[in-house]
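Examining the three-dimensional arrangement
Here's the letter readout for the chains.
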Amino acid sequence: MKRIPFRIPSPRLVSLRRGGYLAVVTAAAIAIVLFLNLIVGQLPTHLKELDLSDNQLYEISDTSRDFLAGLEQDVEVVVLAEEDATDPRILKFLDRYAALSSHLTVTEVDPVAHPTQAAAYEANADSLVVVCAETGRQEVIPYSDIITYSYSMFSSTEDSFDAEGQLTSAIRSVTGGSEQ
């Protein structure tokens, strides 16, 4: 029987193997993190973000949820404002609100970049236009009705954020239901 001599691997070879293994594991971990990041990046905002505001600013009441679940007519909410001029809270709320009904869509129109398209809504900039093509009705909600302020001699203070009430009421009005 022939003996195979036992060789002790050199420390250099051991460290090279260990380093190669660590490089492969590191590359695999980075690939997994990038893949997960791409998947999460494709999710809608209302699934990625939690409402951590003090007064639950983006929470939608069960009444509005039920109303939107029963919505049978297509309704479009047009954000009529210059690009990047809309309060981000309004856009975030609209994203969450529109996710509750397949009959509700949100469109942004920049009145400076597209004046003829904006003129068709017969509304001022910095407003939401709620349109139901089926009934031919539309309601305009100025931003000042969504976010209200009180003014003193030297400052202004935000009083309320009522996107839910304004939108639900406008949608009910344009779809032919009674106003709240």
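Please refer to the structure higher up on the page.
Attention in this report is confined to the structure presented alongside it. Not measured: the values here are computed from a predicted model.

With respect to a nonpolar patch on the surface
- A contiguous nonpolar surface patch, about 400 Å² in accessible area, is contributed by I32, F35, L36 and I39.
- Given the relative accessible area of 46%, L36 is considered partly exposed.

Digging into the pattern of salt bridges
- In this structure the tally under the stated criterion is 1 salt bridge.
- With a closest N to O distance of 2.7 Å, R89 and D87 form a salt bridge. Of the two residues, R89 and D87, both sit in the buried class.

Notes on the sheet that holds strand β2 (residues 104-109)
- Reading across the sheet, the 4 strands line up as β2-β1-β3-β4 and stay open at both edges, with mixed pairing between neighbours. Looking at the sheet topology across the chains shown, the edges are occupied by β2 and β4 (137-142). Geometrically, the sheet is characterised by an average inter-axis angle of 20° between neighbouring strands, direction not taken into account.
- Relative to strand β3 (residues 127-132), strand β1 (residues 75-80) runs antiparallel, the two sharing 5 bridges. Looking at β3, one finds that L80 is bridged to S127.
- Running over the sheet, helix α4 (residues 88-98) touches β1, β2 and β3 and is turned about 150° from β2.
- Where helix α7 (residues 163-174) meets the sheet, its contacts fall on β1, β2, β3 and β4, and the angle it forms with β4 comes to roughly 165°.

Quick notes on the rules
- Position numbers for residues count from 1 along each chain, tracking the sequence in the order it is written.
- Residues qualify for local features only when their pLDDT is at least 70, as the model is predicted, and side-chain atom pairs are given and counted only at 80 or more; totals for whole chains, interfaces and linings, by contrast, use all residues.
- Excluding hydrogens and water, the side-chain values take into account all heavy atoms of the structure.
- Patch membership requires more than 30% relative accessible area and the absence of a salt bridge. Residues of like charge join within 9 Å; the nonpolar side chains Val, Leu, Ile, Met, Phe, Trp and Tyr join within 5 Å.
- What sets the accessible areas is the Shrake-Rupley method with a 1.4 Å probe; for residues, cover comes only from the shown protein chains.
- Salt bridges, as used here, are contacts in which a Lys or Arg side-chain nitrogen is within 4 Å of a carboxyl oxygen on Asp or Glu.
- In this scheme, a residue with accessible area under 20% of its type's maximum is buried, one over 50% is exposed, and one in between is partly exposed, where area comes from a 1.4 Å probe on protein chains only.
- A pair of strands counts as paired when DSSP detects no fewer than two bridges linking them.
- Elements are defined by DSSP. Helices are runs of H or I of four residues or more, strands are runs of E of two residues or more, and each kind is numbered from the N terminus.
- Each axis is a line fitted through C-alpha atoms, taken for helices only over the stretch in contact, and angles between the N-to-C directions span 0 to 180 degrees.
- Throughout, a residue-residue contact means that at least one pair of heavy atoms, one from each residue, lies within 4.5 Å.

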